[in-house]
Amino acid sequence: MPGGFFHMWYTDFPMKNLEERMAKKNELLESYAVPHEGTLGRVYEEDPDETRTPFRQDANRVQYSDEYLRLKGKTQVFVGGRSDHYRTRLTHTGEVASVSRNIAATLGLNEDLAECIALAHDLGHPPFGHSGEEALNDWMKTHSLSFEHNQQSLRIVEFLSSQSPLFKGLNLNREVLHGLMKHRTPHDHPEDTTLELPSMEALAVNLADEIAYTSHDIDDGLREGLFTISQLMDIPLIQKCHTPGKKLGSSITNTLVMDLYAETENQIGKQNIVTLDDVYANSDQPVRFSPDIKEKLGVLRSFLYKNMYFHPSVVEQVEAGKTTVLKLCEYLKNNPSEEILKLQKESDCTLVEAVKDYVSGMTDHYATEMAERLGLLS
């Protein structure tokens, strides 16, 4: 039989073209969501993909980038090697992407856009977590510059990562770029570089990030023995969501997302948000937690800072990482490798910026191995 089984199957079930599929997907979106074809376009014009929505294509570009793959070797809270079961920067990113999609689906927003922003939001994180970021920022300040991982994430997708010889960066849609510009959580202090306000999808990712790290940091802290359930039960948010027999992190996630849904619905009506233009014109961010949950989250965050992030055993590890980053930066500035000089030339930047780009892209293991090989840690 000519064509065999595949020919019969394809004839009976013809593939719908992308425009038809996007039209169907757009019917599920609220009027203030970003449509699946996008509205702002890419910096460099490209022919559309035959089967993937623009934001699905963007998500794939992020996932297949070297910078994304290296997140598996970067610290979230606990430096790698202690256990296979603690979160890394990569597993954290996966959890943020999952929570972001779920929030977007429930609120009638663009799931592909939300997921893409989530997948890219931590690309700029250096080795050794926030201590590595602090070290890089301290070093950059000695050269009248600064480092902030959200800005570095944007720099990666715009300039440093490679997608095509025809343009720099990944050439993502502008909605994704704006989402990275505006990404912020209580851990972050990005400088505003644009007047554009974030989409509902970008706002959802901000809170998905906070939900994910709050929930999994509780789980990791309990696993490490830094605190106990009994200690946590003194915290109002834990009292509200703790369910015997259910993993605490899951209970926290459920409590936070349900509160977010209710308060966001309230704000959409209160702020009279009907169209996407209403979102972009409104500086009073509608995707949010209720005042009660926001206050309870602040109490829990204070507990985690005291009992986890600044616990002596955690501080000892991250301080060692901070020293490694500082010594590598100084050494490589005075002894730039061919890779750094090539990076400087291709990025058309200063040597200091090229060193920053190079060191911030390292995994924990690679940074430690290089520092030891160069005799910087003896």
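Residues numbered from 1 in each chain as written. Predicted model: local features only at pLDDT ≥ 70, side-chain atom pairs only at ≥ 80, totals over all residues. Heavy atoms only, no water.

Peer 1: Explain the side chain of Arg56 here, please?
Peer 2: Along the chain, the position of Arg56 falls in helix α3 (residues 54–63). Polar side-chain contacts of Arg56 include one of 2.7 Å to the side chain of Glu115. Discounting chain neighbours no more than four positions away, the residues touching Arg56 are Gln63, Arg101, Asp112 and Glu115. (Helix = DSSP H or I, 4+ residues; strand = E, 2+ residues; numbered from the N terminus. Polar contact = N/O pair within 3.5 Å; in protein donor to acceptor, adjacent residues only side chain to side chain. Contact = heavy atoms within 4.5 Å.)

Peer 1: I keep staring at the packing of helix α6 (residues 111–120) against helix α9 (residues 174–181) and nothing clicks. Help me out?
Peer 2: Between two packed helices, both the angle of their axes relative to each other and the distance between the axes serve to describe the pair. One can describe the packing of α6 onto α9 by two numbers: an axis separation of 9 Å at closest approach and a directional angle of 50°. As summarised for this structure, α6 and α9 are arranged oblique, according to the angle between their axes. Here the hand of the crossing between α6 and α9 comes out right-handed. Only Glu175, Val176, Gly179 and Leu180 of α9 make contact with α6, whose side of the interface consists of Leu113, Cys116, Ile117 and Ala120. Grouping the constituent residues of the contact of α6 with α9 by class yields six nonpolar, one polar and one charged. (Axes fitted to C-alpha atoms, helices over the stretch in contact; angles between N-to-C directions. Parallel < 35°, antiparallel > 145°, perpendicular 65-115°, else oblique. Left-handed = near helix turned anticlockwise from the far one by under 90°. Nonpolar A, V, L, I, M, F, W, Y, C, P; charged D, E, K, R; others polar.)

Peer 1: Got a minute to help me understand unusual backbone geometry in this structure?
Peer 2: With glycine set apart, most residues show a phi of negative sign, and most peptide bonds adopt trans. With a phi angle near 50°, Asn171 is a residue other than glycine that sits in the positive phi range. One can find Asn171 in the loop between α8 (149–160) and α9.

Peer 1: Is there a simple way to explain the state of the cysteines in this structure?
Peer 2: A covalent bond bridging the sulfur atoms of two cysteines is what the word disulfide describes. Tallied over the full model, the rule gives zero disulfides. Free cysteine: Cys329, not disulfide-bonded; nearest cysteine sulfur from Cys349 at 13 Å. (Disulfide = S-S within 2.5 Å.)

Peer 1: Explanation requested: the packing of helix α5 (residues 89–107) against helix α13 (residues 248–270) in the structure shown.
Peer 2: Closest axis-to-axis distance for the α5/α13 pair is 11 Å, and the angle between their directions is 35°. In the crossing of α5 with α13, the sense of the turn from one axis to the other is right-handed. Counted together, Val99, Asn102, Ile103, Thr106 and Leu107 of α5 and Val257, Leu260, Tyr261 and Thr264 of α13 form the full contact between these two elements. Across the contact of α5 with α13, the residue classes break down as six nonpolar, three polar and no charged.

Peer 1: Whenever I open this one, the side chain of Ser251 confuses me. Can you help?
Peer 2: Mapped onto the fold, Ser251 is located in helix α13. For Ser251, the residues in contact, after removing those within four places along its chain, are Cys241, Thr243 and Lys246.

Peer 1: How do you make sense of the packing of aromatic side chains when you look at a structure like this?
Peer 2: Aromatic ring pairs are described here by two measures, namely the spacing of the ring centres and the angle between the planes. Counted by the stated rule, this structure contains four aromatic pairs. Geometrically, the ring pair formed by Tyr305 and Tyr309 is edge-to-face, given 5.1 Å between the ring centres and 80° between the ring planes. Here Tyr305 pairs with Tyr309, and both are found in helix α15 (residues 291–309), just four residues apart, close to one helical turn. Accessibility expressed as a relative area gives 28% for Tyr305, which makes it partly exposed. Ring pairing ties together the aromatic residues Tyr305, Tyr309 and Phe310, which thus form one cluster. (Phe/Tyr/Trp six-rings, centres within 6.5 Å; stacked < 30°, edge-to-face > 60°. Buried < 20%, exposed > 50% of the residue type's maximum accessible area, 1.4 Å probe, protein only.)

Peer 1: How should I be thinking about the environment of Lys294 in this particular structure?
Peer 2: Examined against the element boundaries, Lys294 turns out to sit in helix α15. You can call Lys294 exposed: its relative accessible area is 61%. C-alpha separation for the pair Lys294 and Leu256, spaced 38 residues apart in sequence, amounts to 9.4 Å.

Peer 1: Explain the nonpolar core here, please?
Peer 2: Across soluble globular proteins, nonpolar side chains have a tendency to be buried as a group. Core analysis: the largest hydrophobic core is formed by 73 residues, its most contacted members being Val62, Ile103 and Leu260. Top contributing element to this core by residue count: helix α10 (residues 200–224), with eleven residues. Residue contacts for Leu260: discarding those within four places in its chain leaves Ile103, Leu107, Leu207, Ile211, Val287, Arg288 and Phe289. (Core = buried A, V, L, I, M, F, W, Y, C linked by side-chain atoms within 4.5 Å.)

Peer 1: For this particular structure, what's the right way to read α9?
Peer 2: The α-helix advances 3.6 residues per turn, and as a result positions three or four apart in sequence lie on the same side. The element α9 is largely enclosed, with a buried count of seven among its eight residues. Within α9, burial applies to Glu175, Val176, Leu177, His178, Gly179, Leu180 and Met181. Where the residues of α9 are buried, they touch α3, α6, α8, α10 and α14 (276–281).

Peer 1: Sorry if this is basic, but what is going on with helix α18 (residues 351–360) here?
Peer 2: α18 sits mainly inside the fold: eight of its ten residues count as buried. Those residues of α18 not exposed but buried are Val352, Ala354, Val355, Lys356, Asp357, Tyr358, Val359 and Ser360. Buried positions along α18 lie against α7 (129–141), α8, α16 (312–334), α17 (338–347) and α19 (364–373).

Peer 1: Would you mind going over the confidence of the model for the protein chain with me for this structure?
Peer 2: When pLDDT drops low, the exact placement of atoms in the prediction is not to be read closely. Of all residues in the protein chain, 90% have pLDDT values of 70 or greater, and the mean over the chain is 90. In this model residues 183–195 is a low-confidence stretch, pLDDT under 50, and it forms 34 contacts with partners more than four residues away in sequence or in other chains. (pLDDT = per-residue confidence, 0-100.)

Peer 1: Help me understand the environment of Val96 in this model?
Peer 2: Take Val96: it is sitting in helix α5. By relative accessible area, which is 0% here, Val96 ends up buried. Separated by 58 residues in sequence, Val96 and Leu154 have C-alpha atoms that sit 18 Å apart. Excluding residues that lie within four positions of it along the chain, Val96 makes contacts with Ala118, His121, Val205, Ala208, Asp209 and Ala212.

Peer 1: Please clarify how the pattern of salt bridges should be interpreted in this entry.
Peer 2: Side chains bearing opposite charge may pair, as long as their charged atoms lie close to each other. Under the criterion given, the structure shown has 20 salt bridges. For Asp138, the salt bridge goes to Lys322, with nearest N and O atoms at 3.6 Å. Residue Asp138 is found in helix α7, and its partner Lys322 is found in helix α16; the two are separated by 184 residues along the sequence. Across the salt bridge formed by Glu330 and Lys333, the nearest N and O atoms sit 3.9 Å from each other. Of this pair, Glu330 and Lys333 both sit in helix α16, three residues apart, which is roughly one turn of the helix. Here Glu330 falls in the partly exposed class, since its relative accessible area comes to 34%. Residues joined in a network through salt bridges with shared partners are Arg56, Arg101, Glu111, Asp112 and Glu115. (Salt bridge = Lys/Arg side-chain N within 4 Å of Asp/Glu carboxyl O.)

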